Amino acid sequence: MNSKCFDYVVLTLVIIGAINWGLIGFFKFDLVAFLFGQMTWLSRIVYGIIGLCGLYLISLFGRIIAFGENK
């Protein structure tokens, strides 16, 4: 899988995580817990993957700055 495709997958997962946090904040509804159970091993894996994706996207800032310098 090339880097651009991986970036889109990671960005999609982080957007889904952000939507979940919005649902928690506005409606007190945790979609991950609803789908996978309250802090089951599967829901903890989902939370962990979303967290790792968020950390990976920190590198996006450096790539955006580098992209702007190439022009």
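Overview of the structure. (Residues numbered from 1 in each chain as written. Predicted model: local features only at pLDDT ≥ 70, side-chain atom pairs only at ≥ 80, totals over all residues. Heavy atoms only, no water.)

### Looking at the overall build of the protein chain
Right, so step 1: Check the secondary structure of the protein chain and you find 4 helices and 0 strands.
Right, so step 2: Helices and strands appear in the protein chain in the N-to-C order α-α-α-α.
Right, so step 3: Taken against the 2.2 N^0.38 rule, which gives 11 Å for 71 residues, the C-alpha radius of gyration of the protein chain at 15 Å runs more than 25% over that of a compact globule.
Right, so step 4: For the protein chain, with 71 residues in total, the buried portion stands at 13%.
Right, so step 5: Considering only residue pairs separated by 6 or more positions, the protein chain has 50% of its internal contacts joining residues 24 or more positions apart.
Right, so step 6: Working note: accessible area of the protein chain is about 5700 Å², and carbon and sulfur atoms make up 76% of it. (Helix = DSSP H or I, 4+ residues; strand = E, 2+ residues; numbered from the N terminus. Rg over C-alpha atoms; globule rule 2.2 N^0.38 Å. Buried < 20%, exposed > 50% of the residue type's maximum accessible area, 1.4 Å probe, protein only. Contact = heavy atoms within 4.5 Å. Areas by Shrake-Rupley, 256 points an atom, 1.4 Å probe, with all protein chains shown as cover.)

### Quick look at the packing of aromatic side chains
Think of a pair of aromatic rings as described by two things: how far the centres are apart, and how the planes are tilted against each other in angle.
Right, so step 1: In total, this model carries 3 aromatic pairs according to the counting rule given.
Right, so step 2: Centroid distance Phe-6 to Tyr-56: 5.1 Å. Interplanar angle 80 degrees. Geometry classified as edge-to-face. One end of the pair, Phe-6, is in helix α1 (residues 3–27); the other, Tyr-56, is in helix α3 (residues 41–56), with 50 residues separating them in the sequence.
Right, so step 3: Among the residues examined, Phe-6 registers a relative accessible area of 36% and is labelled partly exposed. (Phe/Tyr/Trp six-rings, centres within 6.5 Å; stacked < 30°, edge-to-face > 60°.)

### As for the packing of α3 against helix α4 (residues 58–69)
Right, so step 1: Packing of α3 against α4 leaves a shortest axis separation of 3 Å and a crossing angle of 25 degrees. Of the possible angle classes, the one that applies to α3 and α4 is roughly parallel. Contact residues: Gly-54, Leu-55 and Tyr-56 in α3; Ile-58, Ser-59, Leu-60 and Arg-63 in α4.
Right, so step 2: A class-by-class count of the residues in the contact of α3 with α4 yields 4 nonpolar, 2 polar and 1 charged. (Axes fitted to C-alpha atoms, helices over the stretch in contact; angles between N-to-C directions. Parallel < 35°, antiparallel > 145°, perpendicular 65-115°, else oblique. Nonpolar A, V, L, I, M, F, W, Y, C, P; charged D, E, K, R; others polar.)

Read these as layout, nothing more, since geometry by itself doesn't imply function.
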